[in-house]
Amino acid sequence: MGATGKEKPKLYESGRRVDGRGLADLRGIKIESRVLNDADGSAYIEWGKNKILAGVYGPSECIPRHDQSLYRSVIKCRYNMAPFSGMEEHGRSGPSRRSKELSKVIKEAFESVIISENFPKTQIEIFVEVLQSDGGTRCAAVTAAAVALADAGIPMKDLISAVAVCKIDGHMAVDPGKEEDNFGESDMPIAFSPRTGEILLFQMDGLLSREELSEGISLARQASEKIRKIQVEAIAKVYQEPKEERFLVIK
Amino acid sequence: MIDLAENRIVMPGELLSEKPERISYAFVDKGKTYSTVVGLFSEGKLVPLEGPYEPLPDDLIVGIISEVKFSGYSVEINAPYVSFLSSREIRERYEMGDAVFARVDRVDEVKNIDIADAKKLPVGRLVKVSSVKIPRIIGKKNSMIDMLKSATACDIYAGRNGYVWIAGKGNQTLAEKAIRMIETQAHTHGLTDRVAVYLKSQQ
């Protein structure tokens, strides 16, 4: 980490990426649902070295009143990086340009799956706190927030997940880490609705050809199916091993 | 301990039926029916495992008076909306913080909620649980709640909104613990028997 100013390492060599993965391999993902006692729904995700906590509140009365809609619930999202979360400039608290952008794209991804017409005049709040970052936090944040929303029992048309694809030394690869993100040729986070295959979040850094783009999307689609399985396991585990208290215990 | 075999646990967006069907907490897209919540699905019925309380007419609820107004009261009922209790046709007077047992009278399309037939509850304690667990706390033909009442000698009012009011001279702490136990194990089988064993062991 802390790659700025360093020499570009060899990202792809003899079938192995910089951390030893193959092109279609994800980093290790662990999700735990229902970890916060006071939130209506919550989830904690460890995705590689990323550590992210997501909490959902609502539906509750929409405050301020001028934000509320008579037709649907207003969805609000706050993505925030802890000052100690990474090696780069995250040292100040409060919203930055980056965190505002990510809050917006995460909110918009969820607006298309939450059935908000059921709760007029209310708000649903999604809070995402990045405790430790290592590339791909927005994808991990979407994945964790989807679990937290399902845990809160908020009606949704789908359980969504997100994953990034990147281009490293001319090869398309899934789920870039920090180094691949900083030195790769391109980075492209995508969120899918697995039921319909719709794309709910799509951003791109760098340049890709048409063929590389479609290869990247199909790689991400395959990876998101794996992520959905992990999400489903995390949600089901809450009911298979019920706990009296909802506190996060790091094993 | 947990038997999910006959009750399939479904996730949001999971296919329930190849045909368009009217199932609560489900939606129809392109002629197929999908779940919207995490729930248990069996025999064409979807029971959510978690979720906010959505008031329906004739629900019996426990509410807390949150504001005294000129013509009635605002009542907090564990929903995203505050309900209104008109003071017409009520003989009692309430103060802020009083607990009432009432019936949901009317809910309109923008979720203005009117409640009626209120009755002030005696001094007691409030246990907040998720509203989807209330049918389990009441049990089939009131079996669970009758057992709780007789074992703890408390008066228990289970509101459909997820507020449970425990009053009376009995063992209120035991009643609260038993309700918490039902809440965490609501989706499991043979719960009434396990609660009976627990209540016996605590007496």
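Keep in mind it's a predicted model, so treat the numbers as computed, not measured. (Residues numbered from 1 in each chain as written. Chains lettered and ligands numbered in written order. Predicted model: local features only at pLDDT ≥ 70, side-chain atom pairs only at ≥ 80, totals over all residues.)

(A) Spatial organisation of the overall build of chain A. The helix and strand tally for chain A stands at four helices and twelve strands. Taking 18 Å as the expected radius of gyration for a compact globule of 251 residues, we find that chain A reaches 18 Å, a close match to that expectation. Each of the 251 residues in chain A was classed as buried or not, and the buried ones make up 49%. (Helix = DSSP H or I, 4+ residues; strand = E, 2+ residues; numbered from the N terminus. Rg over C-alpha atoms; globule rule 2.2 N^0.38 Å. Buried ≥ 20, exposed ≤ 12 C-beta atoms within 10 Å, placed from the backbone.)

(B) Region of the structure containing the overall build of chain B. On a plain count of helices and strands, chain B comes out with four helices and 14 strands. With the principal axes as the frame, chain B shows a C-alpha extent of 55 × 50 × 20 Å. Long-range contacts, defined here as pairs at least 24 residues apart, represent 50% of the contacts in chain B between residues at least 6 apart. (Contact = placed C-beta atoms within 7 Å.)

(C) Main features of the interface of chain B and chain A. Counting from both sides, the interface comprises 23 residues of chain B and, opposite them, 27 residues of chain A. Classifying every residue of the side of chain B that touches chain A gives 14 nonpolar, six polar and three charged. (Nonpolar A, V, L, I, M, F, W, Y, C, P; charged D, E, K, R; others polar.)

(D) Just the pairing of strand S9 (residues 171-174) of chain A, in detail. All names here are of chain A. Sheet topology note: the strand S8 (residues 161-168)/S9 ladder contains four bridges and is antiparallel. When the sheet's bridge partners are listed, Lys167 is paired in S9 with Met172. Counted along the chain from S8 to the antiparallel partner S9, the turn is two residues long, and its residue Asp169 has a positive phi close to 45°. (Pairing = 2+ DSSP bridges.)

(E) Structural context of the confidence of the model for chain B. Per-residue pLDDT for chain B averages 92, and the proportion of residues at 70 or more is 97%. ipTM for the predicted complex: 0.90, alongside a pTM of 0.92. (pLDDT = per-residue confidence, 0-100.)

(F) Representation of the environment of B:Pro48 within the structure. Relative to the assigned elements, B:Pro48 resides in strand S6 (residues 45-48). Sequence separation between B:Pro48 and B:Ser35 is 13 residues, and the spatial gap between their C-alpha atoms is 9.6 Å. Among residues more than four places away in sequence, those in contact with B:Pro48 are A:Gly153, B:Tyr25, B:Val37, B:Gly39 and B:Val132.

(G) Spotlight on the sheet that holds strand S3 (residues 29-33) of chain A. Residue and element names in this part refer to chain A. The five strands lie next to each other as S3-S4-S5-S7-S6, forming an open sheet whose pairing is mixed. Two strands bound the open sheet, and with one partner strand each, they are S3 and strand S6 (74-81). Taken pair by pair, the neighbouring strands of this sheet meet at an average axis angle of 15°, ignoring direction. Sitting on the sheet, helix H1 (residues 97-111) touches S6 and strand S7 (122-132), and the angle it makes with S6 is about 140°. (Axes fitted to C-alpha atoms, helices over the stretch in contact; angles between N-to-C directions.)

(H) Up close: the domain arrangement of chain B. The domains assigned to chain B are domain 1 (8-48), domain 2 (60-120) and domain 3 (124-202). Using C-alpha coordinates to define each centre, domain 1 of chain B is positioned 29 Å away from domain 3 of chain B. (Domains from an automatic or database assignment.)

(I) Structural context of the environment of B:Gly170. All names here are of chain B. Take Gly170: it is sitting in the loop between strand S14 (163-167) and helix H3 (172-184). For Gly170, a count of 18 C-beta atoms within 10 Å gives the class partly exposed. Among all residues touching Gly170, those that are not within four sequence positions of it are Thr152, Ala153 and Cys154.

(J) The sheet that holds strand S4 (residues 32-35) of chain B, seen in detail. All names here are of chain B. Sheet architecture is open: three strands sit in the order S2-S4-S3, paired in antiparallel fashion. Each edge of the sheet is formed by a strand with only one pairing partner; in this case those strands are strand S2 (15-17) and strand S3 (26-29). Mean inter-strand twist for the sheet, computed between neighbouring axes without regard to direction, equals 40°.

(K) How the structure looks around the environment of B:Glu67. With respect to the helices and strands, the residue B:Glu67 is situated in strand S7 (residues 60-68). Placed 59 residues apart in sequence, B:Glu67 and B:Arg8 show a C-alpha to C-alpha distance of 43 Å.

(L) Main features of the packing of helix H2 (residues 137-151) of chain A against helix H4 (residues 210-240) of chain A. Residues and elements named next belong to chain A. With their axes 10 Å apart at the nearest point, H2 and H4 run at an angle of 35° to one another. Here H2 and H4 pass one another in a crossing that is right-handed. Contact residues: H2 offers Thr143, Ala146, Val147, Ala150 and Asp151, while H4 offers Ile227, Gln231, Ala234, Ile235 and Val238. Split into classes, the residues belonging to the contact of H2 with H4 amount to seven nonpolar, two polar and one charged. (Left-handed = near helix turned anticlockwise from the far one by under 90°.)

(M) Molecular detail of the packing of helix H2 (residues 143-152) of chain B against helix H4 (residues 191-202) of chain B. Residues and elements named next belong to chain B. Two elements in contact, H2 and H4, have axes whose closest approach is 11 Å; the angle formed by their N-to-C orientations is 5°. One way to sum up the angle between H2 and H4 is to call them roughly parallel. Across the interface between the two elements, Ser143, Met144, Met147 and Ala151 of H2 pack against Thr192, Val195, Ala196 and Leu199 of H4. The class makeup of the residues in the contact of H2 with H4 is six nonpolar, two polar and no charged. (Parallel < 35°, antiparallel > 145°, perpendicular 65-115°, else oblique.)

(N) Main features of H4(A). Compared with the 45 Å implied by 1.5 Å per residue over 31 residues, the 45 Å span of H4(A) between its first and last C-alpha is a close match. Inspection of H4(A) places A:Gly216, A:Leu219, A:Ala220, A:Ala223, A:Ser224, A:Ile227, A:Arg228, A:Gln231, A:Ala234, A:Ile235, A:Val238 and A:Tyr239 among the buried residues, and these make up the whole buried set. (Expected span 1.5 Å × (residues − 1).)

(O) Region of the structure containing the nonpolar core. Counting 81 residues, the largest nonpolar core has A:Ala54, A:Ile106, A:Val128, A:Val142, A:Ala144 and A:Ala145 as its most contacted members. With eleven residues, the single largest contributor to this core is H2(A). The residues contacting A:Ile106, other than those within four sequence positions of it, are A:Cys77, A:Tyr79, A:Val128, A:Arg138, A:Ala141, A:Val142 and A:Ala145. Judged by nonpolar contacts, the second largest core, of 39 residues, contains B:Ala99, B:Val104, B:Ala151 and B:Ile156. (Core = buried A, V, L, I, M, F, W, Y, C linked by C-beta atoms within 7 Å.)

(P) Inspection of unusual backbone geometry at higher detail. Look at the link from A:Gly58 to A:Pro59: it is a cis peptide, with omega at -5°. Tracing the backbone through its elements, the reader meets A:Pro59 in strand S5 (residues 50-61). Here B:Ala153, not a glycine, exhibits a phi torsion of approximately 60°, which is positive. Judged by the 13 C-beta atoms lying within 10 Å of it, B:Ala153 is partly exposed.

(Q) Layout of the pairing of S8(A). Residues and elements named next belong to chain A. Among the eight residues of S8, eight are classified as buried, and the element is accordingly described as predominantly covered. Alignment of S8 against strand S10 (residues 186-193), held across seven bridges, turns out to be antiparallel. Looking at the pairing, Val163 lines up with Ile190 of S10.

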